[in-house]
Amino acid sequence: MAETLDFASPLLPFVDARKAFRHEQKVAGYLPLATLKNLSAMLTDTEGAVKAVLSFWFDQDRRRRIDGELWAKVNVQCQRCLEPVQISLGEQFELAVVSTEAMAKDLPTSLDPWLSDEETLSPADIVEEQLILCMPIVSTHSQCNAAIVQDVLEKGVGIEHSDQVDEKQASNPFSVLATLKNKPDTH
Ligand SMILES: [Zn+2]
């Protein structure tokens, strides 16, 4: 992705699947987050846009490849304080267009399947799915994350520590020996 790409225009709504791979079409642009309905459901607001570039080409195994990259800043709910937190998403992806589930299973693990039998492909659908896949499972503000770590250190480890001590005292035969050994000293 070394060449200069233009993200000032909206991403093309459709590409012709019969030509895009043969002509090694490359599309770049932006998509307003508000137009991505499935992603929007995961966000606290739909301000902003995702920038993306998609390259269509045939690889040496004659697979129809869609390689791309995306960048977005989105607002999601912090899992600790429940206020919005902005997260930066960035993802590179390598897809192979397949028309059946069986073809998808035969792909090398480095490639993800894009199941489509259509004569047109929607860059927006591809970008939205990749965005959803790269969303973190849990998002927090950095200070909220620090507070969670602090809670675990203070409460979590504390409880585990006292449990361990009880168990050791109950089950460790050496502690019994130690008690016997120490007995003469107490007299
Ligand atoms: Zn927070």
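This text follows the structure it describes.
Colleague: How should the overall build of the chain be read in this particular structure?
Modeller: Per the secondary structure count, the chain includes 6 helices and 7 strands. Its helices and strands taken in sequence order, the chain reads β-α-β-α-β-β-β-α-β-β-α-α-α from the N to the C terminus. Considering the chain as a whole, with its 187 residues, one finds that 32% of them fall into the buried category. The contacts of the chain with a sequence gap of at least 6 include a subset with a gap of at least 24, amounting to 54%. Surface summary for the chain: the accessible area is close to 12200 Å², and the carbon and sulfur share equals 53%.

Colleague: It is not clear to me how the environment of Pro108 should be interpreted in this structure. Could you clarify?
Modeller: Summarising the element assignment, Pro108 is placed in the loop between helix H3 (101-105) and strand E6 (112-115). For Pro108, a relative accessible area of 31% corresponds to the partly exposed category. Distance in space between the C-alpha atoms of Pro108 and Ala96 is 9.8 Å, their sequence separation being 12 residues.

Colleague: Whenever I open this one, the coordination of the zinc ion confuses me. Can you help?
Modeller: Where a metal carries four tetrahedral donors, each ideal angle is 109.5 degrees; where it carries six octahedral donors, the ideal angles are 90 or 180 degrees. Coordination of the zinc ion by the protein comes from Cys78 (SG), Cys81 (SG), His141 (ND1) and Cys144 (SG), over a distance range of 2.0 to 2.4 Å. Each of the 4 donor atoms around the zinc ion contributes to a set of angles spanning 102 to 119°, which defines the coordination as tetrahedral.

Colleague: In this structure, what is going on with the pattern of salt bridges? I would like to understand it.
Modeller: Side chains bearing opposite charge may pair, as long as their charged atoms lie close to each other. Under the definition given, this model contains 8 salt bridges. For Arg65, the salt bridge goes to Asp59, with nearest N and O atoms at 3.1 Å. Taken as a pair, Arg65 and Asp59 share a single burial class, namely buried. Between Asp67 and Arg65 there is a salt bridge, with its nearest N and O atoms 3.0 Å apart. In this structure Arg65 comes out as buried when scored by relative accessible area, which is 8%.

Colleague: Hey, could you run me through unusual backbone geometry in this one?
Modeller: Of all residues except glycine, most have a negative phi; of all peptide bonds, most are trans. In this structure, Glu24 is a non-glycine residue whose phi angle is positive, near 45°. Relative to the helices and strands, Glu24 resides in the loop between helix H1 (17-20) and strand E2 (26-32). Under the relative-accessibility criterion, Glu24 is labelled exposed at 54%. In this model, Arg62 sits at a positive phi of 60°, which is unusual for a non-glycine residue. Of note, Arg62 is situated in the loop between strand E3 (49-58) and strand E4 (64-77).

Colleague: Hey, could you run me through the nonpolar core in this one?
Modeller: Burial of nonpolar side chains together is a common tendency in soluble globular proteins. Membership of the largest hydrophobic core comes to 36 residues, with the highest contact counts inside it found for Val50, Phe56, Ile66, Val74, Leu121, Val127 and Leu131. Of all the secondary structure elements, the ones that give two or more residues to this core are H1, E2, E3, E4, strand E5 (84-98) and helix H4 (123-133). Here this core gets 6 residues from one element, more than from any other, and that element is E5. In this structure, Val127 is in contact with Leu11, Leu31, Val50, Ala52, Leu54 and Leu70, ignoring residues within four places of it in sequence.

Conventions we followed
- Residues numbered from 1 in each chain as written.
- Predicted model: local features only at pLDDT ≥ 70, side-chain atom pairs only at ≥ 80, totals over all residues.
- Heavy atoms only, no water.
- Helix = DSSP H or I, 4+ residues; strand = E, 2+ residues; numbered from the N terminus.
- Buried < 20%, exposed > 50% of the residue type's maximum accessible area, 1.4 Å probe, protein only.
- Contact = heavy atoms within 4.5 Å.
- Areas by Shrake-Rupley, 256 points an atom, 1.4 Å probe, with all protein chains shown as cover.
- Donors = N, O, S within 2.8 Å, 3.2 Å for Na, K, Ca; no water.
- Tetrahedral: all angles 85-135°; square planar, octahedral: opposite > 155°, others 65-115°.
- Salt bridge = Lys/Arg side-chain N within 4 Å of Asp/Glu carboxyl O.
- Core = buried A, V, L, I, M, F, W, Y, C linked by side-chain atoms within 4.5 Å.

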